[in-house]
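Results of the structural survey
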Amino acid sequence: MKNNYSPDILNCLANLSSDEVFTSPELANRMLDLLPQELFRSSKTRFLDPCSKSGVFLREIAKRLLTGLEEQIPDLQQRIDHIMTKQVFGIACTDLTAEMSRRTLYCTKQANGEYSVATCFDDAQGNLRYMRCQHTWENGKCKHCGANRAQYDRIETIETYAYPFIHKDINEIFKNMQFDVIIGNPPYQMGDGGNGASALPVYHKFIEQTIELKPKYMIFIVPARWLNGGRGLDDFRKKMLEDSKIRVLHDYLNSTDCFSGVEIKGGVCYFLWEKDYKGICSVYTHNQDNVYHSERPLLENGAEIFIRSEEQVTIFHKVLAKQEESLSTWLNAGRYFGFHTKVEWVSETEGKIQSADGKAFYPIRKVRNDIFSTKVYVHGGQCWISPKTIPRNAHRISSYKVLIPRSGNPGFGNTIIGKPKISEPNSCSSNTYMVAIPPQADMSIGEATNLCSYLNTKFVRLLVATKTSTQSTPPDAFEFVPLQNFSHPWTDEMLYKKYGLDKDEIAFIESMIRPME
């Protein structure tokens, strides 16, 4: 028997890569299900996808309208033409995605083409527009999206990644138009010219621009980092969580549970924002095949971030009730001793380490001698430096310290933070490590060892994961972690008992946090 199965091309696109995250039809429909369904039975509802990539949202909206308006507009072609010209609008991210989206929505890359399902357009773009834009540079950055000029100031034939929705006035694209629903999956980040994965988020710019347009409803799917961390997102998070307009939030702790095969650190989420709503949120927390539902405010008393699960909320309040000082008061940013991460070796034995401000280099050696007598813990190992050339806090070198890698391993099911290590007297560290040391006293070897035992507990790492979901773990990532008496070691069992955790809270921690190797 012949197999006539023909897969939906948009499902295939959704599984391509994490370089440009596409939305599957199934996910698009789960998001559309959040809306009042009477919107699809009105011939006046206007929908906009401001960041169309494949056209999946617009196609699925059109399908719902075709069914919902059948009685009002019985003639199929009239119904199609009405929907395509009066109700469904899109702004593409690039010229290529504009063509892809038109093929999806109109069944041809030209809206007025011979094979277009719509018969009333007189131009090729129809209501799925793309306008090539340029960044507006101020002090080396784009004032609209934060793109780095050195990286994105390109010749005309190369894609600029200046997205029309956040670089143009909406009236230049669709004149005098009010949208009822704005929905999409925006680009997530822009490289800022830094090393490695250095990047600035851009998805929040689409959300902020949408709020300016005052739709009745907004639905976006974005990285979940904005809920409790993320570079440059503090003001955005504060505004979004405090205005109480998010009615429904679906939070995926692991992005692969939402986007098959795509890893996005910290997970992803999609939400329904409603202009006229103010109240608690219906939160759905997804972890593999399990979905946990709760009705609660997005901001708990005593927190400035969204706490992602009901168990974390109750644990947070039990810790907060003790009114203990935060461990973050002992933590110092990685440049505590005045060094950057950058180390250059000019020979097999000699090299140099960059200063924190990037303006100087200090000589280092791979082997200790009478001059190069102070150990420096750096990325990948250690080296030796003259104590006379240590730029900052040289007086703390004589104490024991605990070093915590600045780069963590976020996401439930992981270790959350890197493994801490003891920095002995006559040693220091580069920006690779955060430095833990009492502000006004020295630390003994016993206290340093017991602090390491504390940091290795699942309890501590759960509290760090509650505060932040980013790979970078600065001192404020430990804000929820209480300071302890380090005259003795700590275990999870001791901490569970001290804070009165019940069996469900303990089971949650044990299931979500991987043992520290």
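Residues numbered from 1 in each chain as written. Predicted model: local features only at pLDDT ≥ 70, side-chain atom pairs only at ≥ 80, totals over all residues. Heavy atoms only, no water.

Details of empty space enclosed by the protein
Formally: Cavities and pockets are found on a 1 Å grid laid over the protein atoms alone: a cavity is a set of points where a 1.4 Å probe fits but cannot escape, a pocket is an open set with protein on both sides within 12 Å along at least five of seven lines, and a lining residue has an atom within 4 Å of such a point. Grid points are joined across faces, edges and corners, and a volume is the space filled by probe spheres set on the points. Three classes are used: nonpolar for Ala, Val, Leu, Ile, Met, Phe, Trp, Tyr, Cys and Pro, charged for Asp, Glu, Lys and Arg, and polar for all others, with Gly counted as polar. Starting at the N terminus, helices and strands are each numbered in turn, a helix being any DSSP run of H or I of at least four residues and a strand any DSSP run of E of at least two.
For the coordinates displayed, the defined rule picks out two cavities of 30 Å³ or more. A volume near 100 Å³ is recorded for the largest cavity. For the lining of the largest cavity, the class distribution of residues is six nonpolar, seven polar and one charged. Around the second largest cavity sit Phe-22, Thr-23, Asp-49, Cys-51, Ser-52, Lys-53, Ser-54, Gly-55, Val-56, Phe-57 and Asn-185, which together line it. Only strand S1 (47–52) and helix H3 (56–68) provide two or more residues apiece to the lining of the second largest cavity. Per-element accounting of the lining of the second largest cavity gives the leading share, three residues, to S1. In terms of residue class, the lining of the second largest cavity is made up of four nonpolar, five polar and two charged.

Considering helix H12 (residues 445–455)
Stated precisely, the cut-off is as follows: Exposure categories follow from relative accessible area, calculated using a 1.4 Å probe and restricted to protein chains: below 20% of the type maximum is buried, above 50% is exposed, and the middle band is partly exposed. Any two residues having at least one pair of non-hydrogen atoms within 4.5 Å are treated as being in contact.
By the burial criterion, the buried members of H12 are Ala-448, Asn-450, Leu-451, Cys-452, Ser-453, Tyr-454 and Leu-455. Residues of H12 that are buried make contact with strand S20 (401–405), strand S21 (421–423), strand S23 (433–436), helix H13 (458–467) and helix H14 (492–498).

What about the environment of Lys-265?
In plain terms, the rule: N or O atoms closer than or at 3.5 Å make up a polar contact, with two conditions inside protein: a donor-capable atom paired with an acceptor-capable one, and, for residues adjacent in sequence, both atoms drawn from side chains.
Following the sequence through the fold, Lys-265 ends up in the loop between strand S10 (246–252) and strand S11 (268–274). Separated by 132 residues in the primary sequence, Lys-265 and Cys-133 place their C-alpha atoms 30 Å from one another. When neighbours within four sequence positions are excluded, Lys-265 is seen to be in contact with Arg-225, Asn-409, Pro-410 and Ser-469. Here the side chain of Lys-265 touches Glu-263 through a polar contact of 3.2 Å, side chain to side chain.

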